[in-house]
Amino acid sequence: MLGLMQDWPLLIHKIIDFAGVQHGAQEVVSRSVEGPIQRVTYRDLRGRALKVAQRLSRDGIKLGDRVATLAWNTARHLEVWYGITGVGAIYHTVNPRLFPEQIAWIVNHAADRVLFTDLTFLPILEGLADKLPSIERFIVLTDSAHMPATRLRNAVAYEDWLAEADGDFAWAEFDENTAAGLCYTSGTTGNPKGVLYSHRSNVLHSLISTGLDALPLAPSTSCMPVVPLFHANSWGLAFSCPMKGAKMVMPGAKLDGASVFELLETEKVDFSAAVPTVWLMLLAYLQKEQKTLSTLKVVVIGGSACPPEMIRAFEQDYGVEVRHAWGMTEMSPIGSVGYIKPAARAESYEDVLKLKSKQGFAPFGVEMKIVDDSDKALPWDGKTFGRLKVAGPAVAKAYFKGEGGDILDANGFFDTGDVATIDANGYMQITDRAKDVIKSGGEWISSIDIENFAVGHPDVAEAAVIGVPHHKWDERPLLVIVPKEGRKPTPQDLFEFLKPKIAKWWMPDDMQIVAEIPHTATGKINKLKLREAFKDYKLPAA
Ligand code: ADP
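What comes next concerns the included structure. Note that the structure is predicted; figures quoted are calculated from it, not measured. (Residues numbered from 1 in each chain as written. Predicted model: local features only at pLDDT ≥ 70, side-chain atom pairs only at ≥ 80, totals over all residues. Heavy atoms only, no water.)

Position of Ile 422 among the secondary structure elements: in strand E18 (residues 414-422). Sequence separation between Ile 422 and Leu 280 is 142 residues, and the spatial gap between their C-alpha atoms is 27 Å. Once residues lying within four places of it in the same chain are set aside, the contact partners of Ile 422 are Met 368, Lys 369, Ile 370, Pro 379, Trp 380, Asp 381, Gly 382, Tyr 427 and Met 428. (Helix = DSSP H or I, 4+ residues; strand = E, 2+ residues; numbered from the N terminus. Contact = heavy atoms within 4.5 Å.)

Quick look at the packing of helix H13 (residues 447-454) against helix H14 (residues 491-498) now. Contact geometry of H13 with H14 gives a least axis separation of 10 Å together with a crossing angle of 105 degrees. On the basis of their axis angle, the class for H13 and H14 is roughly perpendicular. Between H13, through Ile 450, Phe 453 and Ala 454, and H14, the contact on the second element is made entirely by Leu 494, Phe 497 and Leu 498. For the contact of H13 with H14, the residue count by class is six nonpolar, no polar and no charged. (Axes fitted to C-alpha atoms, helices over the stretch in contact; angles between N-to-C directions. Parallel < 35°, antiparallel > 145°, perpendicular 65-115°, else oblique. Nonpolar A, V, L, I, M, F, W, Y, C, P; charged D, E, K, R; others polar.)

With that settled, the discussion passes to the packing of aromatic side chains. In total, this model carries 15 aromatic pairs according to the counting rule given. An angle of 75 degrees between the planes, with centres 5.9 Å apart, marks the rings of Tyr 82 and Phe 239 as edge-to-face. Residue Tyr 82 is located in helix H3 (residues 75-86), and its partner Phe 239 is located in helix H8 (residues 237-244); the two are separated by 157 residues in the primary sequence. Of the two residues, Tyr 82 and Phe 239, both sit in the buried class. Within the aromatic cluster, the residues linked to one another by ring pairs are Trp 81, Tyr 82, Tyr 91 and Phe 239. The lysine or arginine in question, Lys 193, covers the ring of Tyr 399, its NZ or CZ lying 5.6 Å from the ring centre. One residue, Lys 341, lies across the ring of Phe 361, its end atom 4.4 Å from the ring centre. (Phe/Tyr/Trp six-rings, centres within 6.5 Å; stacked < 30°, edge-to-face > 60°. Buried < 20%, exposed > 50% of the residue type's maximum accessible area, 1.4 Å probe, protein only. Lys NZ or Arg CZ within 6 Å of the ring centre and 35° of its normal.)

As C-alpha cells, then:
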C-alpha cells in the first residue's frame, strides 16, 4: 500500500520562492567586482532571477541546455544560477583558476550555449574566444557604465540584457530529477569529469547539510560563503542559505585577509565556510594587525585537511568554533562535519583538538564505510584504515556523458579515492588520497598526518610530504617545506620537533626547502606536480 501524500517536486526555484516570500527583506550583500558594496533582498533577488529566466528563454535557452558561469561570489552570480535552473537549463560553474586550455576543454565538453562572466575574466575569454564555438553569447556581469569594448561574440552588459525583461514569467515545470548543475572535478589524473547535480539532489543536500550539528544556518545567521560558487557547488550554500533565510555576505573577488576581515566585521558575519588557505591568510592578517573578531562564531573548514594549529588558533585566540568538514564535488559536496556529539565529548582541550582534527561524522543522508582491497568492510575502531566509500541521494551515480564508466560498486557505493579511519563514535579521519599514501615496507604512512604536525613548527609556513622511491622500503617520506619569511629551519629542527609526535618509522628521511608548493585550481597541494618536481631527487641514504 502506498502512502497518500502529495508529490511535491523538490525543485530549486521553490527555494528562492520561499526565501522571497518568508524572508523577503533578508539581505544578500556583495562586494561587487566594480568595487562598491551592493545590497539586494531575497525578494529582489527572486524577481531578478525570474527576469534572467525570462530573458534566457527568449534567447532560446531551454530544458537541458548548459549555461556557463565564470564568476566570483556575488548576488548577480547567485540570481543567474536560479534563473538558469528556473527554465530547466543547467548552470555550469567554470573555475577561473584552471589553465585557459582546461577552461576551453570543459566548456566544449559541456557544449555550453551562453557564458556569464565577470569583468575580471574578459582577458582570458578574449584569448580563448575562437576556441569556444558552442558559446552563442557572452553576458558580462556588469552595467553599461562599466562595460568595456570587447570582441567577444554577441557580448552584452548583463544589466542591459536583463532590463529587456519585465519579470512577468513563470518558472518552467519539470521532474525533480532534472539536471540542474554541472561541476567538473579537477581531474588530477586524466581529463576532468563532470558531476551533474539534479534539482532533487540539490534540495536534499541543503536539508542534509544544515542543522545545529552541521552547517548552522537560520534567519538570524549572517553567513559569508567564502568558498566560491565554482568550487564543488559552493558547498551547497547557494541553496541552503536562502532555504534557511540566512543573510548572505558575498566577498566577490577579494579573498585576502584584510578584505575578508573588513566584510566579516561590517556585515556582522557569524558563520563562514572556506578552505584552509583562505583562513591562513585571515589568521596571518589578524596576527599581524593585532585584530580580534567581534561577531564570527563558527567556521567550517574543508577541502583539504585543516591543521590542528589552525583549529587551536581560531578557538583559543579568537573564540571561534571550528567545524572541520570533508566532502567532494561528487557528493554535492558535504560528506561529514565535525560537530561534537555528547558521546564523544572530551575532558582536556588536547583531546578535543584530536577529535576536531578528524573530519567529523556523516549526517543523515550520507552512508559511509571503509573497506579493504577485497571490499570487505573494516571495523570502526579509529585505527584500521581502508578505502572510504559512500552512498546517498546527493552522491553521484555516474559522470556527465558516461565519462569514467560505471562508478558504483555492486552495492551502489561510490569509491571516494580517499583512505580513512572511522572511530566507534562515527568520526572519520582522512589518512590520505589513495594515490598519495606512502607505502613503506608494506605499511602505509599518512602524508596528511606528518604535514599537519610539520606546519605546527613556528618556522614553517606550508608543508607537504611525498613518497620517494627507496631500494629497501619501496617508498620513504620526503618532507618539503616553505619556511616563514626570514626563517631557515634545518632538517634537524623539524625532525626533533616531529619526534614525539609520530611513529619512528614515519619520520621523513629528508627535508627540502622550496620557495613555493604547487596547488591545484581548488587550492589543494598538487602532489602530482610536486612528485614530478622531485622525480630526479635521491634520498641521502639511498
Ligand atoms: P577537486 O579534486 O576538484 O579539488 P574536490 O573539492 O571534490 O575536488 O576534492 C575532494 C577531495 O578533497 C576529497 O576526496 C579529499 O581527498 C579532499 N578533502 C576534502 N576535504 C578534506 C578534508 N577536510 N581533509 C582532507 N582532505 C579533504
